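Residue-level structural notes
Single-letter residue listing:
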Amino acid sequence: MTDQPMERSDAEWKSTLTDQQFDVLRGCGTEPPFQNEYWNCHDAGMYLCAGCGEALFSSKDKFDSGTGWPSYTKPASEKVVTENQDHSWMQQCTEVKCARCGGHLGHVFPDGPGKGGMRYCINSAALRLKKKE
C-alpha cells in the first residue's frame, strides 16, 4: 500500500480511464451484472485498482456470489479500502472505495460465506487483474 493519497482533476482522470471506468470510479456508477469482465473470471492473481494500481483483492478470496459482479470475502489489507455509509440506493448499504485514490469500487454486504461472512461486491470496471505468473 502506498501512503500517499492520489489526487487528480476530472480531466486528468478522463485522460487515463475509459468512459466506463470513469463512470464507476469517479461517478460512483454501477456496471450491469453478468456483463462485465471479471464476474466469472477464475484466473489466479491480484486485482488492482484500475485508477491507481493499488493491490485491492486476491483471487484467493474471490467467490461466486451469483450476483453477476466479482465478489470477495475480504480486501488484500484493511488499509487499502475505506468504507462509508451509502444511502443512494433507497436503502442503507456500505460503499467501498480505494483508500489511495478514492475511487468507488462497489459495496460490502454481510451475506458472504465463511468466518467473516462479508461479500465485497466490486465493479469489474474498477479493477485490473494482474495474473499470477
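Preceding block: the structure.
1. Overview of the packing of aromatic side chains
Per the stated rule, a full pass over the model turns up five aromatic pairs. Arranged with centres 5.0 Å apart and planes meeting at 80°, the rings of Phe34 and Trp39 form a pair that is edge-to-face. Relative accessible area serves as the criterion here: at 43%, Phe34 is assigned to the partly exposed category. Judged by centre distance (5.9 Å) and plane angle (55°), the rings of Phe57 and Tyr120 are tilted.

2. A word on the sheet that holds strand S3 (residues 62–63)
Ordered in space as S3-S4-S8-S7-S6-S5, the six strands form an open sheet in which the pairing is antiparallel. Single-partner strands in this sheet number two, and they are S3 and strand S5 (81–86). Bridging between strand S4 (residues 71–72) and strand S8 (residues 119–122) involves two bridges; their strand directions are antiparallel. Following the sheet pairing, Tyr72 is matched in S8 by Tyr120.

3. Points about the environment of Tyr47
Note that Tyr47 resides in strand S1 (residues 45–49). What makes Tyr47 buried here is its relative accessible area of 0%. Tyr47 sits 78 residues away from Ala125 along the chain, and the two C-alpha atoms are 11 Å apart.

4. Details of the pairing of strand S2 (residues 55–58)
Two elements, S1 and S2, share three bridges in a ladder whose sense is antiparallel. Its bridge partner being in S2, Tyr47 is matched across the sheet by Phe57. What sits between S1 and S2 in their antiparallel hairpin is a turn of five residues, with Gly53 showing a positive phi close to 85°.

5. Here we look at the sheet that holds S1
Taken in spatial order, the three strands make up an open sheet running S2-S1-S9, and their pairing is antiparallel. Edge positions in the open sheet fall to S2 and strand S9 (127–131), since each of these has one partner strand only. Averaged over all pairs of adjacent strands, the angle between their axes in this sheet comes to 35°, without regard to strand direction.

Conventions and cut-offs
- The residue numbers shown here count from 1 along each chain, following its written sequence.
- In keeping with the model being predicted, local features are shown solely for residues with a pLDDT of at least 70 and side-chain atom pairs are shown and tallied solely at 80 or more, while totals for entire chains, interfaces and linings include all residues.
- The side-chain values count all of the structure's non-hydrogen atoms but skip hydrogen atoms and water molecules.
- Only Phe, Tyr and Trp rings take part, Trp by its six-membered ring, and two of them pair if their centres are within 6.5 Å. Stacked means planes under 30 degrees apart, edge-to-face means over 60, and tilted covers everything else.
- Under the scheme applied here, a residue whose accessible area is under 20% of the maximum for its type counts as buried, over 50% as exposed, and between as partly exposed, the area being computed with a 1.4 Å probe on protein chains only.
- We treat two strands as partners when DSSP finds at least two bridges between them.
- We count a stretch as a helix when DSSP gives it H or I for four or more residues in a row; a strand needs E for two or more, and each element gets its number in order from the N terminus.
- The convention used is that axes are lines fitted to C-alpha atoms, helices contributing only their stretch in contact, and that angles between N-to-C directions extend from 0 to 180 degrees.

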